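One letter stands for each residue in the lines below.
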Amino acid sequence: MTPPRLTLAQFISLGFAALALVLLVLLSVFDAGSRRTILLASEQLMRHASRRVAERLEAHLDEAERLVESLESDAALGLLTAATVEPVLLGALGGRPQVTDVTFTFGRAIGIYDGDEPPHEAGELRLAPTESGQVSVTRATADNAAGLLMRRVRSGADGWRADETWIASDGTRIPAEPAAAHAAPLDPTTHPSFTTPSRPEFRGRALWSDLSFFEADGALPEAERRRVVSLQKALWTTGGTFVGVVRVTVHSDRIDELTRITVDEIAADGDDHVVFICDRFGRLISRLSPFDRFGLLDRGGGPDPDYGDVRVVPAQLPAPVAAALTGPAMHDATSREPTVTRLDVGGVSHLVSIAALLGNRTQGWLVGIVVPESHYLAALDASRRRVFGIALALVVAAGAGAALMLHAMQRDLRRLIGETTRLRHFDFLPSTDGAATFRDVQGATRSLEQAKTALRALGKYVPLDLVRELYDAHREPVLGADLQDVTVLFSDVAGFTTVAEMLDPDTLATALGAYLDALTRAIHASGGIIDKYTGDGVMALWNTPRPIDGHPARACDAALRSVEATHALFANAAWEGRAPWPTRFGIHRGQANVGHFGAPDRLSFTAMGDGVNLASRLEGLAKQYGVSIVVSAAVAREARDAFRFRRLDRVVVKGKHEPVEIYELVGRRVPERPPPPFVMPYEAALDAYFARRFAEADELLRAQPEDPPSVVLAARCRDFLIRAPASDWTGIHTLATK
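Just so it is clear, the model here is predicted, and its values are computed rather than measured.

Helix and strand counts for the protein stand at 20 helices and 26 strands. The buried share of the protein, taken over its 738 residues, is 43%. Carbon and sulfur atoms form 57% of the exposed surface of the protein, whose accessible area is close to 38,000 Å².

Now for the pattern of salt bridges. A complete count under the given rule lists 32 salt bridges for this structure. Between Lys532 and Asp531 there is a salt bridge, and its shortest N-O distance comes to 2.5 Å. Residue classification places Lys532 among the partly exposed positions, given a relative accessible area of 32%. A residue is classified by how much of its surface remains accessible, and Asp531, at 10% relative accessible area, is buried. Across the pair Arg668 and Glu564 runs a salt bridge whose closest N-O atoms are separated by 2.9 Å.

Below, the discussion takes up the packing of helix 14 (residues 505-525) against helix 15 (residues 551-571). Remark: helix 14 packs on helix 15, axes separated minimally by 8 Å, with the N-to-C direction vectors making an angle of 145°. Pair helix 14 / helix 15 crosses with right-handed handedness. Here Ala514, Tyr515, Ala518, Leu519, Ala522, Ile523 and Ala525 of helix 14 come into contact with helix 15, specifically with Ala558, Arg561, Ser562, Ala565, Thr566, Leu569 and Phe570. Tallied by class, the residues present in the contact of helix 14 with helix 15 amount to eleven nonpolar, two polar and one charged.

This paragraph deals with the packing of aromatic side chains. Counted under the stated rule, the structure contains 14 aromatic pairs. Judged by centre distance (5.2 Å) and plane angle (70°), the rings of Trp236 and Phe242 are edge-to-face. This pair shows no difference in class: Trp236 is buried, exactly as Phe242 is. Both rings, one in Phe570 and one in Trp575, keep their centres 4.9 Å apart while their planes meet at 55°; by these two values the pair is tilted. Of the two residues, Phe570 and Trp575, neither departs from the other in class, the shared state being buried. Members of the aromatic cluster, joined through ring pairs, are Phe496, Tyr515, Phe570, Trp575 and Trp581. Cation over ring: Arg227 sits above Phe294, and NZ or CZ is 4.0 Å from the ring centre. Here the guanidinium or amino end of Arg646 rests over the ring plane of Tyr682, the centre of that ring lying 4.7 Å away.

A general tendency of soluble globular proteins is for nonpolar side chains to be buried together. In terms of nonpolar packing, the biggest core is built from 67 residues, with Val102, Phe104, Val248, Phe276, Ile277, Ile354 and Trp365 touching the most fellow members. The element that contributes the greatest number of residues to this core is helix 1 (residues 8-76), accounting for eleven residues. Grouped together as the second largest cluster of nonpolar side chains are 37 residues, Leu516, Leu569, Ala633 and Phe645 included.

Helical periodicity: at 3.6 residues per turn, an α-helix aligns residues three or four positions apart in one direction. Between its first and last C-alpha, helix 20 (residues 708-722) extends 22 Å over 15 residues, near the 21 Å set by a 1.5 Å rise per residue. Residues Pro709, Ser710, Leu713, Ala714, Arg716, Cys717 and Phe720 constitute the buried set of helix 20. One side of helix 20 carries all its buried residues, which in axial view fall inside an arc of 165°. Tucked into the core, helix 20 has its buried residues touching helix 16 (610-625), strand 24 (643-652), helix 18 (679-690), helix 19 (694-702) and strand 26 (733-734).

Let's shift gears to the environment of Leu80. With respect to the secondary-structure elements, Leu80 resides in the loop between helix 1 and helix 2 (85-93). Considering only alpha carbons, one finds Leu80 and Gly244, 164 residues apart in sequence, at a separation of 9.2 Å. Apart from the residues lying within four places of it in its own chain, the contact partners of Leu80 are Leu71, Asp74, Ala75, Val85, Val88, Phe104, Leu235 and Val243.

Moving on: the pairing of strand 12 (residues 274-278). Among the five residues of strand 12, four are classified as buried, and the element is accordingly described as predominantly covered. In this sheet, strand 17 (residues 366-372) lies alongside strand 12 in antiparallel orientation, the contact comprising five bridges. By the bridge assignment, Phe276 is partnered in strand 17 with Gly368.

In this section: the side chain of Asp531. By the element assignment, Asp531 lies in strand 19 (residues 529-534). There is a polar contact of 2.5 Å between the side chain of Asp531 and the side chain of Lys532. When residues no more than four places from it in sequence are discounted, the contact partners of Asp531 are Met539, Ala540, Leu541, Phe605, Thr606 and Ala607.

So, on to the pairing of strand 21 (residues 583-599). Across 14 bridges, the pairing between strand 18 (residues 480-493) and strand 21 is antiparallel. Paired with Thr487 across the two strands is Arg589, which belongs to strand 21. Pairing geometry for strand 21 and strand 23 (residues 629-632), over three bridges, is parallel. Considered in strand 23, the bridge of Phe585 is made with Ile629.

What follows deals with unusual backbone geometry. Leaving glycine aside, a negative phi is the common case for residues, and trans is the common case for peptide bonds. The residue after Thr544, namely Pro545, is reached through a cis peptide bond having omega -5°. Within the fold, Pro545 resides in the loop between strand 20 (537-542) and helix 15. We note that Asn543 has phi near 80°; this positive angle belongs to a residue other than glycine. By the element assignment, Asn543 lies in the loop between strand 20 and helix 15. The exposure class of Asn543 is buried, given its relative accessible area of 15%. Within the chain, Arg692 stands out as a residue other than glycine whose phi angle is a positive 70°. Checked against the element boundaries, Arg692 lands in the loop between helix 18 and helix 19.

What follows covers the sheet that holds strand 15 (residues 339-345). The sheet built from four strands is open, its strands ordered 12-17-16-15 with antiparallel pairing. Every other strand in the sheet has two partners, leaving strand 12 and strand 15 as the edge strands with one partner each. Adjacent strand axes in the sheet meet at a mean angle of 25° when their direction is disregarded.

With respect to the secondary-structure elements, Leu541 resides in strand 20. Separated by 48 residues in sequence, Leu541 and Arg589 place their C-alpha atoms 9.8 Å apart. The contact partners of Leu541, leaving out residues within four places of it in the chain, are Thr487, Val488, Gly528, Ile529, Asp531 and Ala607.

Okay, the packing of helix 19 against helix 20 next. Running from amino to carboxyl end, helix 19 crosses helix 20 at an angle of 150°, the nearest separation of the two axes being 9 Å. Compared by their axis directions, helix 19 and helix 20 come out roughly antiparallel. When the axes of helix 19 and helix 20 are compared, the crossing they make is left-handed. Only Ser710, Leu713, Ala714, Cys717, Arg718, Phe720 and Leu721 of helix 20 make contact with helix 19, whose side of the interface consists of Phe694, Ala695, Ala697, Asp698, Leu701 and Arg702. The class makeup of the residues in the contact of helix 19 with helix 20 is nine nonpolar, one polar and three charged.

The next subject is a nonpolar patch on the surface. Side chains of Leu21, Leu24, Val25 and Val29 sit close together on the surface and give an oily, nonpolar patch of about 410 Å² of accessible area. Locating Val25 in the fold gives a position in helix 1. The exposure class assigned to Val25 is partly exposed, which follows from its relative accessible area of 38%.

As for its position among the elements, Thr487 is in strand 18. A polar contact is formed between the side chain of Thr487 and the side chain of His551, at a distance of 2.6 Å. With residues near it in sequence (within four places) discarded, Thr487 still touches Ala540, Leu541, Trp542, His551, Pro552, Ala555, Ile587, His588 and Arg589.

Analysis parameters
- Residues numbered from 1 in each chain as written.
- Predicted model: local features only at pLDDT ≥ 70, side-chain atom pairs only at ≥ 80, totals over all residues.
- Heavy atoms only, no water.
- Helix = DSSP H or I, 4+ residues; strand = E, 2+ residues; numbered from the N terminus.
- Buried < 20%, exposed > 50% of the residue type's maximum accessible area, 1.4 Å probe, protein only.
- Areas by Shrake-Rupley, 256 points an atom, 1.4 Å probe, with all protein chains shown as cover.
- Salt bridge = Lys/Arg side-chain N within 4 Å of Asp/Glu carboxyl O.
- Axes fitted to C-alpha atoms, helices over the stretch in contact; angles between N-to-C directions.
- Left-handed = near helix turned anticlockwise from the far one by under 90°.
- Contact = heavy atoms within 4.5 Å.
- Nonpolar A, V, L, I, M, F, W, Y, C, P; charged D, E, K, R; others polar.
- Phe/Tyr/Trp six-rings, centres within 6.5 Å; stacked < 30°, edge-to-face > 60°.
- Lys NZ or Arg CZ within 6 Å of the ring centre and 35° of its normal.
- Core = buried A, V, L, I, M, F, W, Y, C linked by side-chain atoms within 4.5 Å.
- Expected span 1.5 Å × (residues − 1).
- Arc of directions from axis to C-beta.
- Pairing = 2+ DSSP bridges.
- Polar contact = N/O pair within 3.5 Å; in protein donor to acceptor, adjacent residues only side chain to side chain.
- Parallel < 35°, antiparallel > 145°, perpendicular 65-115°, else oblique.
- Patch = residues over 30% accessible without salt bridge, like charges linked within 9 Å, V, L, I, M, F, W, Y side chains within 5 Å.

The following block contains the structure:
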């Protein structure tokens, strides 16, 4: 039962009596609230510091990625060869003090080795036996002025040979000790840094190594050897010819320095903070003191002379850090957003922040911060003293009770006005501001909440987003339509009937709801509206009821956003491991009758006409050509500046007589990124097909057996090679099905 509300007169009478009680509880409430606020602020500061450490380490490793990208660009253009690589590698180390070594291992690929005998494994590249080699440029020490060592390894009739040349800081070249004085070099193309990135599954990917000792320092004592991480990537020309594998080694002696945070970064005295970098097994990667050393450790934490990772062997590990390294936060850190927890160590409460680092740049490294809670609560005593001043101010303010009453009334009225404003903006969510102060205002608030409840129920059946658009456009919904230029999108789940039969009704409804919600959000984010849900798909419109610029490009963006959103949904644990639902899209820009159809008391805002039917047919064509997104020429022409398209075919869809040119939307256009490798060969084959050169087209298409449109067009070419088309054949393909 709702308790009775105070009238305005009762509030004034009881206000002064309540002041004494407020003064009694004020100190305890303020103390608890202050403690909670300070600790929340401290967590934010620790998150900021953790992100700063991650950004520093990322900047430290960025040089390697930029250098690999530069060498990859040279290789793609055919500028990086065994004959030209030496000056390129020498220039690569110039101005990059953190880069310790750049190595280029090359060879002429003659196929994929499918055997299982050494030295190759299944899936590795097979190279011409006499055209392989390696060129590396290495800093002699971490000192930039110590000179460079260039090493060349080539295969010959009597095995592998190596020669070395010292290059001083002034450019002078001094031959090193003859290679015969050393053991014969091993075949560099069998080293994991070459075989792993050159495997087909890693094509186009740059692979980072974990922290290790630099191989060139193998003769030095362990304490003097440089710690490095390296980045390896296989390089290919634009035409798809294998060039070699580049490895860039970055020295990581500055990791300890990168973990040091300043007073400004913590916004307090930073002396109590212990910042460290570790791996998921609780082994330190950064030193906590100058007395710590580095060594090879296995995953159990002890030394392993045969195998291990380079990790810190601390001279003395502080108890809070030891507790953090074995705490639950180590297993919960899965993103760069830090996880802040509390640990009690020796009766002292500590805050612990753990965050993952840099995605695939490190092998599961984490950044951690440990600090006593008392570091942030030292100022709380001073805050308590200020409470007494606040209490005194409240006593003085008691004489102005009438003003307080007016203030409270104005606050309630502002709340009511805010709720009505939310209603005007079609926001029907329940109010979270709490009950009104006065009973008079509470009655009005209750009536308003009841009205919002009815509108929320109505919103389950009526597309309120569309009503909002019509309201903003000042259009009265009446029967009638206008011929408008719109972009229409249709979507459909491939094989949805089979999926539906395998799920119980409740599970199907929940999964379908989550799936359609992902598509709806993507469409709304691109400025479109949902016309209707067609079972497992949607029909969406752009440029109505309110005109928008670039609506074909917005529809393309919505389709790609939908793909990204559904991929995220399928990868989420809430999807419960069910198979993904592949989605097909059809997009067309054209004229359509747009307006309100139906009965006078039950309207439906939709679009009708040939343009809508063609968009639906394009979605069906996506299945026939084995692609995800098919657009008309009108869409491709308008959106080609922002998106990449592949010309698929020239067809006459079922129910039509005029041919249309169709395109596949393959992704967003990135200036420095070339089109996917299957685009140009396919379009060249399509031109040959239209020119009746079916054998030439078939040869181009056979080179892409994994590309579904190539398979479709190749089959058509082979049919025409057996039975030539009529003399008046124009290349237009007539479809008998939707």
